[in-house]
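Architecture and fold: a report
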Amino acid sequence: MKLMTFTALACGLAGAALAQDTCATGKTLTDGMLTIATGNPAYYPWVLDDAPESGKGFEAAVAYALAGEMGFAADQVTWVRTSFDQSIQPGAKNFDINMQQFSITEEREKVVDFSDPYYSSAMAVLTTQSVVDGGAQPTVASLKTLLWGADANTTAVPMLMDLIGPDKQPMLYGDNVDVTAAMQAGQIDAALFDLPTALYLSAVVVENGTILGQFPPERSDSPDQFGLLMEEGSPLKTCVNEALAALKDSGKLAAIEAEWLQDATGVPVIE
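Rules of the game
Residues numbered from 1 in each chain as written. Predicted model: local features only at pLDDT ≥ 70, side-chain atom pairs only at ≥ 80, totals over all residues. Heavy atoms only, no water. Helix = DSSP H or I, 4+ residues; strand = E, 2+ residues; numbered from the N terminus. Contact = heavy atoms within 4.5 Å. Areas by Shrake-Rupley, 256 points an atom, 1.4 Å probe, with all protein chains shown as cover. Salt bridge = Lys/Arg side-chain N within 4 Å of Asp/Glu carboxyl O. Buried < 20%, exposed > 50% of the residue type's maximum accessible area, 1.4 Å probe, protein only. Pairing = 2+ DSSP bridges. Right-handed = clockwise from strand over helix to strand, strands pointing away. Axes fitted to C-alpha atoms, helices over the stretch in contact; angles between N-to-C directions. Core = buried A, V, L, I, M, F, W, Y, C linked by side-chain atoms within 4.5 Å. Disulfide = S-S within 2.5 Å. Phe/Tyr/Trp six-rings, centres within 6.5 Å; stacked < 30°, edge-to-face > 60°. pLDDT = per-residue confidence, 0-100.

The next thing to look at is the overall build of the chain. Helices and strands together make up the secondary structure of the chain, namely 10 helices and 10 strands. Within the chain, contacts between residues separated by at least 24 positions form 72% of all contacts whose residues are at least 6 apart in sequence. Summed over its atoms, the accessible surface of the chain is roughly 13,000 Å², and 54% of this surface lies on carbon and sulfur atoms.

All right, on to the pattern of salt bridges then. All told, the structure shown has two salt bridges when counted by the stated rule. The partner of Asp-50 in a salt bridge is Arg-81, and the shortest N-O contact between them spans 2.6 Å. Of the two residues, Asp-50 sits in the loop between strand E1 (34–38) and helix H2 (58–69) while Arg-81 sits in strand E2 (residues 77–81), which places them 31 residues apart along the sequence. For Arg-81, a relative accessible area of 30% corresponds to the partly exposed category. For Lys-252, the salt bridge is made with Glu-69, and the minimal N-O distance between the two is 3.8 Å. Highlighted residues: Lys-252 in helix H10 (residues 252–261) and Glu-69 in helix H2, separated in sequence by 183 residues.

Moving on, we come to the pairing of E2. Note: E1 against E2, five bridges, orientation parallel. Each residue of the ladder has a partner; that of Ile-36, found in E2, is Trp-79. Tracing the backbone out of E1, into H2 and back to the parallel element E2 gives a crossover that is right-handed.

Bringing the sheet that holds strand E9 (residues 209–215) into the picture now. Taken together, the three strands give an open sheet; going across it, the order is E8-E5-E9, and neighbouring strands pair in antiparallel fashion. Both outer strands of the open sheet, strand E8 (191–194) and E9, are each paired with one neighbouring strand and no more. Mean inter-strand twist for the sheet, computed between neighbouring axes without regard to direction, equals 35°. Helix H7 (residues 176–184) contacts strand E5 (123–128) and E8 of the sheet and is inclined by roughly 135° relative to E8. Across the sheet, helix H8 (residues 195–205) is in contact with E5, E8 and E9; its angle to E8 comes to roughly 115°.

Following the sequence through the fold, Glu-53 ends up in the loop between E1 and H2. Distance from Glu-53 to Ala-74, taken between C-alpha atoms, is 8.7 Å for residues 21 residues apart in sequence. If near-sequence neighbours (up to four positions away) are discounted, Glu-53 is found in contact with Tyr-64 and Trp-79.

Here we come to the nonpolar core. If you look at soluble globular proteins, the nonpolar side chains tend to sit buried side by side. Counting residues in each nonpolar core, the largest one holds 32 residues, and the members touching the most others are Phe-58, Leu-66 and Met-70. Put simply, the parts of the chain that give this core at least two residues each are E1, H2, E2, strand E4 (112–121), strand E10 (224–231), helix H9 (237–250) and H10. The biggest single contributor to this core is H2, with seven residues. Not counting the four nearest positions on each side in its chain, Met-70 is found in contact with Thr-22, Ala-24, Leu-34, Leu-236, Cys-239, Val-240 and Ala-243.

Here the structure, examined in full by the defined rule, presents one disulfide. In this model, Cys-23 is linked to Cys-239 through a disulfide, with the two sulfur atoms separated by 2.0 Å. On the S-S bond that ties Cys-23 to Cys-239, the torsion sits near -75°, and the link is left-handed. Residue Cys-23 is found in the loop between helix H1 (2–20) and E1, and its partner Cys-239 is found in helix H9; the two are separated by 216 residues along the sequence.

Turning our eyes to something else, we now look at the packing of aromatic side chains. The relation between two aromatic rings is expressed through the spacing of the ring centres and the mutual angle of the planes. Counted according to the given criterion, the structure contains 10 aromatic pairs. Aromatic ring contacts, followed pair by pair, group Trp-46, Phe-58, Tyr-118, Tyr-119 and Phe-226 into a single cluster.

Considering the arrangement of structural elements, one finds Arg-108 in the loop between strand E3 (97–98) and E4. For Arg-108, the contacting residues outside a window of four places in its chain are Phe-84, Ile-88, Phe-102, Ser-103, Phe-114, Asn-153 and Thr-154.

This part is about the pairing of E4. Summarising burial for E4: seven of the 10 residues are buried, a large majority. Bridge count for E4 against E10 is seven bridges, and the pairing is antiparallel. Paired with Asp-113 across the two strands is Met-230, which belongs to E10.

Moving on: the confidence of the model for the chain. Reading predicted coordinates in detail is not appropriate for stretches of low pLDDT. Of the residues in the chain, 90% have a pLDDT of 70 or more, and the chain-wide mean is 88. When the criterion is pLDDT under 50, residues 1–20 qualifies, and its contacts beyond four places in sequence or with other chains add up to two contacts.

Our focus in this paragraph is the environment of Thr-238. As for its position among the elements, Thr-238 is in helix H9. You can call Thr-238 partly exposed: its relative accessible area is 49%. Each C-alpha atom of the pair Thr-238 and Cys-23 lies 8.3 Å from the other, and the pair is 215 residues apart in sequence.

Encoded structure:
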C-alpha cells in the first residue's frame, strides 16, 4: 500500500511539473496565471451575458481553449476589463492578452503586438427597416447611394471605401456608440460592422435595426482579421501563436466559430 501511495504521489508530482513546463512559464504578469482582457461591457456573441469567466461566447470560448493549449487550467485564467482605445495605446499593459475584436493593422503593430488571426470577419451592412422600406437593396449600386457613418478610429472607413465607394463622404464619429446613435436619429442610413457585432446591434441596440447584407471576407482585398493584442515585445507572442496553430490544426477553433457564430448564416450576400 505504501509503495502504491508513493508511486501515485510521484506520478502526480511529475504530472504537475509537466503541466507547468510550458512555453508560457515565467512569461505572464502573474506566475502560473494567464490574465486575459475583454471589453467593458463585453457583448454577445463574443461574450455571453457579459460574463467571460463562463467560457460562453465566441471569444470567451476561444480564450479558454487557448489557455488550455498554453498549459493553463480554467482556474488559472483571470479576467480584467479595458476599453478598446486604451488597449491600442503604447505602454505597459495590465493583461497578458486582450480579446476585443482588434483588427490587425500595420499602424497598430507599431505600438502593440498581435497574434496570428483567430477570426476573419465578414463585413455586414447595419441599417434600419425604414431605409430598407425606402428601397435599399443588398447590391453595391444601391449601397453607393446611402449616407454612411463610421467610427474614425477603426478600419471601417477604408473597408467602406474599398467595398462600396459611396457617392457621398461618410460621416465620421468618435466611437461606434455615436455611430449607432446617429443611425437611430436618422442622421445616417447605414454603417459597416463585422457580422457578429452587426447581429447584436440590430437585435439589441438599434430600434428597428436590420442587416441588409454581408460581404464575405474574400470579397475584400484585405479582410478584417482579428488578433489577440499584447504589449509590444511580449514574450508570450510565440506561445500564443503556437497554441492558435494547434487549435486550428485540431479543428477546435472552427468548431467554436460554428457554435457561437452560426447565426450569421441567414444574412444575404451582397452582389
